[in-house]
Amino acid sequence: MVRFILFATLIAVSVLVAYVFSQNPDWNAAFEVFGYRLKLHLGFLFFGLVLLLWLFGWLYFGVRRTLAMPAEMAKNARISRQNRGYKALTQGLVALAAGDPDEADKQARRANKLLEETPATLLLTAQAAQLNGDEESAAVYFEEMTKNDDTAFLGLRGKIMQALAQGDRKEVQLLLERARKIKPNAPWILETEYEMGMQTGQLEGAQRAVKRLASRRLLPSSVAKQRLALTEADLAFQAAEKGAWRQAVDHAQRAISDEPTLLPARSLAARAHLELGHLRKAKEHAVEAWRLRPTAGAATTYLRACKPRDIAAKRVAIAELIQANPNALFSQYLRAEAAIESADVAIAQEAVGDLPETSAAVGINALKLRMEDLKSGGEDRTPSPLDGHSLPVEPQVCSNCGTEHTRWRAVCTDCGTSGNIGLPTRAAQAPKMLPPA
Ligand SMILES: [Zn+2]
């Protein structure tokens, strides 16, 4: 709009000036050049000068353009180079994600040539080297990255991952210390701290890391609770091993409040209360453990807490315990054993008959032999103690590597994974009776 007004004004002024000149044909200028006398109308002179100025303006513009050309071209070349560099970087990252080592390497080289050293190119180069199995070169690049403020954190991360892969815990700790100074609450730092705490047995450190992850909402609270329960349960077992039953109870209670279905914590809480003479609490926890999954340990704790004085009292105690999980094979087994021990032939026969035909692992054949003895000789020749039973103790097995452990642990001492140790199979259920035909 402004331009249009300016243009219109210019035209109007020009027309006005031309008109004034045309009305005054005697406005002439006379001058001498090289001995010639020249006479020009002032209008010609005026418009000639305007034309000259205009031509000069264009000339000036053209010369400036031409002079600026090389710089312009250089700038364009730089932009195009950068674009190609970023393209190579992107393709390199895609190749990394797709696990294509040759392509990643090729694009990393291109990106390095086209772009100046950026955090992204360094990282791509290092990771491409790693993907190619060249850990040494990758280490050199990561080390290079740690020297620059912008890339130090990424470089440390790369080095920590390498040290973790090599199982060099001391190096991991040292590097973590450095990385923590840059970003103390980076999720992967806290995760690594948790893992390291678990593996080195510094469970309190692992707990701190979990709590910080959870308070920053970097970990779902259910997962945080599971992890805390694992560490507390492990601490409880450690205390129990030292005979520190009071501590064992405290840790086990915390584990249960975080994860009420953690069977090892339940069983240990029952056992620790028994050792401390808290018989009622011992029984409560043993019943809860039995409800989760019947085990020989829970039965032992329960019977010892009941202190039955005769076989009749033992049968009552067992009846109370198995109510918590009446269909489990172990419940049926205890019922049958108690009946055999109290020479209650009719019930014993029925209870043994309810047990599955073959289940060697739970000693059912031995129980059947005792039943035969009872029928032929009128008595059970190999009774369990009044506060005992003949249920088999199942091993604690790592579901990741298959290693059997002497006690439950949060972390497998063989493969280093956590939360994988437990009883080998699901609790067996007694077979459902078919309705009579
Ligand atoms: Zn394992």
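Residues numbered from 1 in each chain as written. Predicted model: local features only at pLDDT ≥ 70, side-chain atom pairs only at ≥ 80, totals over all residues.

S.K.: So what about the packing of helix H2 (residues 42–98) against helix H3 (residues 101–114)? Which residues, and what values?
M.R.: In contact at an axis separation of 8 Å, H2 and H3 are set at 155° when each is read in the N-to-C sense. Taken as axis vectors, H2 and H3 run roughly antiparallel relative to one another. In the packing of H2 onto H3, the handedness of the crossing is left-handed. The segment H2 lies against H3, with Arg81, Arg84, Gly85, Ala88, Leu89, Gln91, Gly92, Ala95 and Leu96 engaging Glu103, Ala104, Gln107, Ala108, Arg110, Ala111 and Leu114. Its residues assigned to classes, the contact of H2 with H3 comprises 8 nonpolar, 4 polar and 4 charged. (Axes fitted to C-alpha atoms, helices over the stretch in contact; angles between N-to-C directions. Helix = DSSP H or I, 4+ residues; strand = E, 2+ residues; numbered from the N terminus. Parallel < 35°, antiparallel > 145°, perpendicular 65-115°, else oblique. Left-handed = near helix turned anticlockwise from the far one by under 90°. Contact = placed C-beta atoms within 7 Å. Nonpolar A, V, L, I, M, F, W, Y, C, P; charged D, E, K, R; others polar.)

S.K.: If you had to explain the sheet that holds strand E5 (residues 421–422) to someone new, which residues and values would you point to?
M.R.: Read from one edge to the other, the open sheet built from 3 strands follows the order E4-E3-E5, with strand pairing classed as antiparallel. In this open sheet, the two strands that pair with only one neighbour each are strand E4 (404–405) and E5. Relative to E5, strand E3 (residues 396–398) runs antiparallel, the two sharing 2 bridges. Note that in E5 the partner of Val397 across the bridge is Gly422. (Pairing = 2+ DSSP bridges.)

S.K.: I'd like a description of the domain arrangement of the chain, backed by residues and values.
M.R.: Along its sequence, the chain is carved into domain 1 (2–79), domain 2 (224–293), domain 3 (310–392) and domain 4 (394–431). A straight line from the C-alpha centre of domain 1 to that of domain 2 covers 100 Å. (Domains from an automatic or database assignment.)

S.K.: Describe unusual backbone geometry, naming the residues involved and giving the relevant values.
M.R.: A positive phi angle, close to 55°, is found at Arg217, a residue other than glycine. You can see Arg217 is positioned in the loop between helix H9 (203–215) and helix H10 (221–241). Its 8 C-beta neighbours within 10 Å are what place Arg217 among the exposed residues. Positive phi is not limited to glycine here, since Lys307 has a value of about 45°. Examined against the element boundaries, Lys307 turns out to sit in the loop between helix H14 (296–306) and helix H15 (311–322). (Buried ≥ 20, exposed ≤ 12 C-beta atoms within 10 Å, placed from the backbone.)

S.K.: Which residues make up the environment of Val13, and what values go with them?
M.R.: Here Val13 shows up in helix H1 (residues 2–23). Sequence separation between Val13 and Thr200 is 187 residues, and the spatial gap between their C-alpha atoms is 92 Å.

S.K.: Break down the pairing of strand E2 (residues 36–41) for me, citing the residues and quoting the values.
M.R.: In terms of burial, E2 is largely open, as just 0 of its 6 residues are buried. The antiparallel hairpin formed by strand E1 (residues 28–33) and E2 contains 2 residues in its connecting segment, where Phe34 sits at a positive phi of about 45°.

S.K.: Outline helix H7 (residues 169–182), listing residues and values.
M.R.: Taking 1.5 Å of rise per residue, the 14 residues of H7 would be expected to cover 20 Å, and the 20 Å separating its terminal C-alpha atoms lies within 8% of that figure. For H7, the complete set of buried residues consists of Val172, Leu175 and Ala179. The buried residues of H7 occupy an angular sector of 75° when projected down its axis, which confines them to one face. Away from its buried face by more than 90 degrees, H7 exposes Lys170, Glu177 and Lys181. (Expected span 1.5 Å × (residues − 1). Arc of directions from axis to C-beta.)

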